[in-house]
Amino acid sequence: MTVVQVEQVWKAFGQESVLRGIDLEVGLHEVVVLIGASGSGKSTLLRCINGLETVDAGRILLDDDLDVTAFNTDLDAVRRRVGIVFQSYNLFPHMSVIDNITLGPRKVLRLPAAEAQQRARDLLGRFGLADKADEYPDRLSGGQQQRVAIVRALAMQPELMLFDEITSALDPLLVGEVLDAVRELKSEGLTIVMATHEMAFARDVADRVCFLDGGVVLEQGTPEEIFGEPRERRTREFLVRIRG
Amino acid sequence: MTEPGGASVVAARAGSTPYVDPARVRYRQRKAWRDAAIGIVSLLVTVAVVAFIVVRTPGWAVVQETFFSPEAFAESFPGLIEAFWLNIRIFLIAEPLILIVGLSVALVRRLKRPIFLPLRIVATIYVDVFRGVPTLLVILLLGFGIPALQLQGAPDSVLFWGVVALVLSYGAYVAEVFRAGIDSVHPSQRMAARSLGLSSWQTNRYVVVPQAVRNVTPPLLNDFISLQKDTALVSVLGPIEVLRRAQIDASFTFNYTPYVAAACLFIALTIPMTRFADWLQERQRRRRGPGASV
Ligand SMILES: Nc1ncnc2c1ncn2[C@@H]1O[C@H](COP(=O)(O)OP(=O)(O)O)[C@@H](O)[C@H]1O
Ligand SMILES: [Mg+2]
């Protein structure tokens with residue numbers, strides 16, 4: 001079963017053409033990692049998938065039935081099914097951790113407050129944040145904030161999760177705890193598309209790695225194929241550069 | 001351990017208590033006492049010198065009799081307090097209405113859908129007009145103008161129209177303050193809320209507006225303070241609020257003490273508010289982090 005199908009999507013900002021007829025397919029329980037130079041359009045692609053950006057041409061289907069790119073799509077309905085976590089956490093600073101997490105379930109899914117709270121506390125417990133429920137985001141470390149952001153997205157019980165360089169803003173010592181959270185989600189079978197510069201991690205968790213270049217997926221394959229024996233010259237150059 | 005204070009260093013290392021060199025503790029205490037003493041002596045000397053100069057100035061007796069007469073004060077004060085209650089009521093009615101008008105106008109100006117274009121135009125014209133016209137002029141125009149029309153069903157109380165004029169005039173200012181507050185919330189907050197599936201309205205209601213209000217509380221308090229004073233402008237329409245009362249008293253006795261007394265009443269009302277605004281501003285500054293105390 002296909003969770004997301006991206007077909008020939010184009011997207012430009014002004015005269016700058018970022019996505020140039022990109023194709024991508026993600027199956028159920030699959031973890032797909034997007035790699036590519038800074039500015040290659042990873043974030044743009046992720047944002048098109050949950051309708052934060054509108055495409056210029058092409059089609060994006062969720063579960064073969066919901067067309068994100070149709071002219072009259074209810075984007076709120078799309079976003080109920082697709083979670084996203086950003087590089088800069090974007091927690092709501094005026095709300096406690098628990099309120100951050102229960103806002104969506106209460107206001108969008110219309111869960112009773114008690115049920116939303118229970119769901120949030122269960123999730124916080126699983127990600128080692130049980131004692132942080134009543135803290136405000138600015139009292140947490142970067143790694144803790146990012147794990148709260150993950151829990152906030154998870155509380156909506158999305159069928160697909162998008163991670164946009166969620167460790168790039170973190171102190172190196174804190175990257176591990178966030179990556180462990182992603183591993184945990186993979187082990188539960190959540191379908192994930194993530195952009196990252198953590199190549200070791202990509203090799204470890206990815207079912208498939210896609211290299212974005214020139215607005216298309218230039219090369220894709222298993223981590224062994226992409227990191228071991230890349231076919232494209234551009235892929236090899238990128239990997240050499242990022243390994244330093 | 002033979003060095004002075006050695007035992008407490010060891011104790012501090014073992015636990016988690018802070019350690020300060022005892023010599024430094026004594027120095028800090030001495031400095032605190034000295035600073036306090038210097039401040040108090042300096043203040044007393046200054047007050048004494050200024051008082052001496054003022055009292056010795058020729059004409060002081062006349063000034064005192066005209067502006068600070070205890071008898072005139074005692075005579076007018078009860079009436080002034082009663083009249084001041086009207087100012088307070090005007091303020092208490094106008095302020096919530098101003099907040100509602102201001103926030104609504106600010107939100108309307110942020111609406112994007114084409115269907116709301118007429119509303120957006122009205123809101124923009126409203127702000128442009130009422131920010132440009134002096135409050136006093138609006139009060140005269142509405143307070144005398146509308147009752148003169150003798151419209152069916154329109155209230156003919158000048159006080160009512162005076163309050164409406166204050167609300168319209170201040171509403172335009174406060175709308176701009178709120179708009180700045182809404183713009184000060186980073187777009188990534190809106191993006192995060194929308195990506196949870198919240199509608200545009202819910203995003204405003206739960207994420208943007210609460211942060212915007214927090215960011216503009218100090219400037220809003222300044223507008224409150226200004227409004228407390230401007231309740232006196234309604235006096236031009238005739239209601240006996242505190243300024244009008246003072247004017248009447250002064251014109252009977254040719255003594256200006258009632259004005260001074262009225263001024264004291266306003267000050268007594270605004271000082272707590274000003275201190276509160278200062279405190280809030282200081283707290284926000286501190287929250288922004290290190291560097292604030294340099
Ligand atoms: N909202 C936007 N407006 C204008 N240009 C944008 C916008 N978002 C992204 N871009 C541009 O699109 C290109 C791709 O950006 P992005 O998708 O963020 O790449 P990546 O995530 O791979 O680093 C960049 O050159 C960036 O400047
Ligand atoms: Mg990016």
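Residues numbered from 1 in each chain as written. Chains lettered and ligands numbered in written order. Predicted model: local features only at pLDDT ≥ 70, side-chain atom pairs only at ≥ 80, totals over all residues. Heavy atoms only, no water.

Caption draft 1: Here's a closer look at the overall build of chain A. Across its full length, chain A carries nine helices and 10 strands. Relative to the 2.2 N^0.38 estimate, which gives 18 Å for 244 residues, the radius of gyration of chain A is 18 Å and therefore close to what a compact globule would have. Seen through its C-alpha atoms, chain A measures out along the principal axes to roughly 55 × 45 × 35 Å. Split into buried and exposed, the 244 residues of chain A put 58% on the buried side. Carbon and sulfur atoms form 46% of the exposed surface of chain A, whose accessible area is close to 10,500 Å². The distance from the centre of the 28 positive side-chain charges to the centre of the 38 negative ones in chain A is 3 Å. (Helix = DSSP H or I, 4+ residues; strand = E, 2+ residues; numbered from the N terminus. Rg over C-alpha atoms; globule rule 2.2 N^0.38 Å. Buried < 20%, exposed > 50% of the residue type's maximum accessible area, 1.4 Å probe, protein only. Areas by Shrake-Rupley, 256 points an atom, 1.4 Å probe, with all protein chains shown as cover. Lys, Arg positive; Asp, Glu negative; His and termini not counted. Charge placed at Lys NZ, Arg CZ, Asp CG, Glu CD.)

Caption draft 2: Inspection of helix H1 (residues 42–49) of chain A at higher detail. In terms of burial, H1 of chain A is largely enclosed, as six of its eight residues are buried. Among all positions in H1 of chain A, only Lys-42, Thr-44, Leu-45, Leu-46, Cys-48 and Ile-49 of chain A are buried.

Caption draft 3: Structural detail: the interface of chain B and chain A. Taken together, the 17 residues of chain B in the interface contact 21 residues of chain A. Buried surface at the junction of chain B and chain A, both sides included, amounts to about 1,700 Å², of which 64% is carbon and sulfur. Linking chain B with chain A are one salt bridge, by the criterion used here. Residues Asp-76 of chain A and Arg-194 of chain B are paired through a salt bridge, measuring 3.4 Å at the closest nitrogen-oxygen approach. Here chain B and chain A share five residue pairs in polar contact (both at pLDDT 80 or more) between them. (Contact = heavy atoms within 4.5 Å. Buried area = accessible area lost by both parts, 1.4 Å probe. Salt bridge = Lys/Arg side-chain N within 4 Å of Asp/Glu carboxyl O. Polar contact = N/O pair within 3.5 Å; in protein donor to acceptor, adjacent residues only side chain to side chain.)

Caption draft 4: Broad picture of the state of the cysteines. This model, assessed by the stated rule, comprises zero disulfides over all chains. Of all cysteine sulfurs, the one in Cys-210 of chain A lies closest to Cys-48 of chain A, which takes part in no disulfide; the gap is 16 Å. (Disulfide = S-S within 2.5 Å.)

Caption draft 5: Quick look at the packing of helix H5 (residues 142–154) of chain A against helix H6 (residues 172–187) of chain A. Residues and elements named next belong to chain A. With their axes 8 Å apart at the nearest point, H5 and H6 run at an angle of 20° to one another. With respect to their mutual orientation, H5 and H6 come out roughly parallel. Crossing geometry of H5 relative to H6 is assigned as right-handed. Contact with H5, carried on its side by Gly-142, Gly-143, Gln-144, Gln-146, Arg-147, Ile-150 and Leu-154, involves Leu-174, Glu-177, Val-178, Ala-181 and Leu-185 of H6 and no other residues of that element. In terms of residue class, the contact of H5 with H6 is built from six nonpolar, four polar and two charged. (Axes fitted to C-alpha atoms, helices over the stretch in contact; angles between N-to-C directions. Parallel < 35°, antiparallel > 145°, perpendicular 65-115°, else oblique. Left-handed = near helix turned anticlockwise from the far one by under 90°. Nonpolar A, V, L, I, M, F, W, Y, C, P; charged D, E, K, R; others polar.)

Shape descriptors only; they carry no functional weight alone.
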